[in-house]
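Below, each chain spelled out in residue letters.
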Amino acid sequence: MKKINYILLAISLISFSCTTTYLISDFSSKENFYEEFNKTAKNKSLTLVLTDDNLLYPSNGAYISNNTLYAKDIFIKRSKSISKKEIKSIKYSGTDFSNLSGLVELKNGNKLNCTDIKFLSDSSLSFNADTTTDLSINIERIKEISYRNRWFGAEL
């Protein structure tokens with residue numbers, strides 16, 4: 001088992017231009033760290049940075065149990081490229097043709113809200129897909145967790 005101290009799991013609390021970082025090594029046990037994280041991250045809009053540098057945005061907090069982070073309503077923004085053959089239809093929105101966006105419906109029935117749609121020379125489509133989903137992820141895949149701390153007294 002990899003040393004838990006190598007996990008760069010951190011919570012950045014931004015308040016009054018100060019940043020506080022919590023590392024697992026700062027706590028007497030990882031269970032104590034999880035307990036503190038679960039209290040702190042409850043109902044917060046978070047930013048998760050994964051070890052592969054993908055970003056996830058849980059809007060309703062997250063909690064850790066048994067080395068797994070659980071979150072609901074995660075906003076995921078990812079770049080993707082698919083073959084023209086997989087596309088059933090595209091419904092464009094807006095009038096900015098230099099930055100196309102719209103709903104891409106795939107032949108398998110999936111629908112993707114897309115931004116920055118580009119047609120590539122090999123007849124494939126490149127875009128950023130925004131989706132919302134629930135997630136459970138091993139904490140070893142997490143590099144950093146952060147959120148903006150509101151002014152004291154503004155949050156119950």
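Above this text is the structure in question.
As the structure is a prediction and not an experimental result, all values here were calculated from the model.

Parameters at a glance
- Residues numbered from 1 in each chain as written.
- Predicted model: local features only at pLDDT ≥ 70, side-chain atom pairs only at ≥ 80, totals over all residues.
- Heavy atoms only, no water.
- Helix = DSSP H or I, 4+ residues; strand = E, 2+ residues; numbered from the N terminus.
- Buried < 20%, exposed > 50% of the residue type's maximum accessible area, 1.4 Å probe, protein only.
- Contact = heavy atoms within 4.5 Å.
- Areas by Shrake-Rupley, 256 points an atom, 1.4 Å probe, with all protein chains shown as cover.
- Salt bridge = Lys/Arg side-chain N within 4 Å of Asp/Glu carboxyl O.
- Expected span 1.5 Å × (residues − 1).
- Arc of directions from axis to C-beta.
- Polar contact = N/O pair within 3.5 Å; in protein donor to acceptor, adjacent residues only side chain to side chain.
- Phe/Tyr/Trp six-rings, centres within 6.5 Å; stacked < 30°, edge-to-face > 60°.

K.L.:
For this particular structure, what's the right way to read the overall build of the protein?
P.N.:
The secondary structure content of the protein amounts to one helix and 11 strands. Ordered by position from the N terminus, the helices and strands of the protein form the series β-β-α-β-β-β-β-β-β-β-β-β. Per-residue burial for the protein yields a buried fraction of 34% across its 156 residues. Excluding contacts between residues fewer than 6 apart, the proportion of contacts in the protein whose partners are at least 24 apart in sequence is 51%. A total accessible area of about 10,200 Å² is found for the protein, and carbon and sulfur atoms account for 49% of it.

K.L.:
Hey, could you run me through the pattern of salt bridges in this one?
P.N.:
Pairing between side chains becomes possible if they bear opposite charge and their charged atoms approach one another. This model, assessed by the stated rule, comprises four salt bridges. A salt bridge links K143 to D53; the nearest nitrogen and oxygen atoms lie 2.6 Å apart. Taken as a pair, K143 in strand β11 (residues 142-148) and D53 in the loop between β3 (47-50) and β4 (55-58) lie far apart in primary sequence, 90 residues in all.

K.L.:
Even after reading the chapter, I still don't get helix α1 (residues 30-41), so can you show me in this structure?
P.N.:
Three- or four-residue spacings in an α-helix give side chains the same orientation, since the helix completes a turn every 3.6 residues. End to end, α1 covers 16 Å across 12 residues, agreeing with the expected 16 Å (1.5 Å per residue, within 8%). The set of residues buried in α1 consists of F33, Y34, F37, T40 and A41. Buried residues along α1 cover an arc of 135° about the axis, so they all sit on one side. Backbone geometry just after α1 places N43 at a positive phi near 60°.

K.L.:
Quick question: what am I supposed to make of the side chain of N128 here?
P.N.:
Mapping N128 onto the fold places it in strand β10 (residues 124-138). Filtering out sequence-adjacent residues up to four positions away, N128 remains in contact with K77, R78, S79, N113, C114, T115 and D116.

K.L.:
Explain the side chain of S124 to me, please; I cannot follow it from the model alone.
P.N.:
Tracing the chain through its elements places S124 in strand β10. Given the relative accessible area of 7%, S124 is considered buried. Here D122 takes part through its side chain, which lies 2.5 Å from a polar atom of the side chain of S124.

K.L.:
Where do I start with the packing of aromatic side chains in this structure?
P.N.:
The description of an aromatic ring pair uses the distance of the two centres, along with the angle that the planes make with each other. Tallied over the full model, the rule gives three aromatic pairs. Considering the side-chain rings of Y63 and Y70, the 5.2 Å spacing of their centres and the 25° angle between planes classify their relative orientation as stacked. Residue Y63 is classed as partly exposed on the basis of its relative accessible area of 44%. Among the residues examined, Y70 registers a relative accessible area of 30% and is labelled partly exposed.

K.L.:
Looking at this structure, how should I read the environment of S79?
P.N.:
Take S79: it is sitting in strand β6 (residues 68-83). Sequence-wise, S79 and N128 are 49 residues apart; in three dimensions their C-alpha atoms are separated by 4.3 Å. Other than its neighbours up to four places away in sequence, S79 contacts F127 and N128. For S79, the side chain forms a polar contact with the side chain of N128, separated by 2.8 Å.

K.L.:
What should I look at first to understand the environment of S89 in this one?
P.N.:
Counting through the fold element by element, S89 comes out in strand β7 (residues 87-93). By relative accessible area, which is 22% here, S89 ends up partly exposed. In sequence terms S89 and L103 are 14 residues apart; their C-alpha atoms lie 8.2 Å from each other.

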